[in-house]
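Chain by chain, the residues run as shown.
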Amino acid sequence: MTSREQFLQCFNEIAVKETALPSFEFESPFEDSVMPVKDVFTEVLVKVGGQLGEGNKVSQLQQFVTQKITQGFQVLSVVEGVTGNRDPAQINNPHQLAD
């Protein structure tokens, strides 16, 4: 047996044996039966200073964004069809977005 074969055989001897993973029950906090995903998202968004705009059309979102801009807020948008008043490419530091 060559030294290479001996070396490889040592690895085979010390290799961790495959074992079955334990099973456990897991309940996701995002299940609709526990808390709807939209409610979880909205809760987190509000905690970080965001606001959820209602509606399901891009035009409604643009209307919401335009309202925020007229109120003096900075709005950065990367959503196709929604224009803010800040260019995302010009932001080098998140602190530049502080209102």
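Here, the structure is the one placed above.
Residues numbered from 1 in each chain as written. Predicted model: local features only at pLDDT ≥ 70, side-chain atom pairs only at ≥ 80, totals over all residues. Heavy atoms only, no water.

## Details of the overall build of the protein chain
Part 1 of the reasoning: Of the regular secondary structure elements, the protein chain holds three helices and zero strands.
Part 2 of the reasoning: For the protein chain, the succession of helices and strands along the chain, N to C, is α-α-α.
Part 3 of the reasoning: Partitioning the intrachain contacts of the protein chain with sequence separation of at least 6 by distance along the chain shows that 7% fall at a separation of at least 24.
Part 4 of the reasoning: Roughly 8900 Å² of accessible area belongs to the protein chain as shown, and the carbon and sulfur atoms make up 57% of that amount. (Helix = DSSP H or I, 4+ residues; strand = E, 2+ residues; numbered from the N terminus. Contact = heavy atoms within 4.5 Å. Areas by Shrake-Rupley, 256 points an atom, 1.4 Å probe, with all protein chains shown as cover.)

## Let's talk about the packing of aromatic side chains
Part 1 of the reasoning: Evaluation of the coordinates by the stated rule reveals one aromatic pair.
Part 2 of the reasoning: Between Phe-7 and Phe-11, the ring centres sit 5.0 Å apart and the planes meet at 80°, which makes this aromatic pair edge-to-face. Highlighted residues: Phe-7 and Phe-11, both in helix H1 (residues 3-14), separated by four residues, approximately one helical turn.
Part 3 of the reasoning: Judged by its relative accessible area of 51%, Phe-7 is exposed.
Part 4 of the reasoning: Using a relative accessible area of 46% as the deciding quantity, one classes Phe-11 as partly exposed. (Phe/Tyr/Trp six-rings, centres within 6.5 Å; stacked < 30°, edge-to-face > 60°. Buried < 20%, exposed > 50% of the residue type's maximum accessible area, 1.4 Å probe, protein only.)

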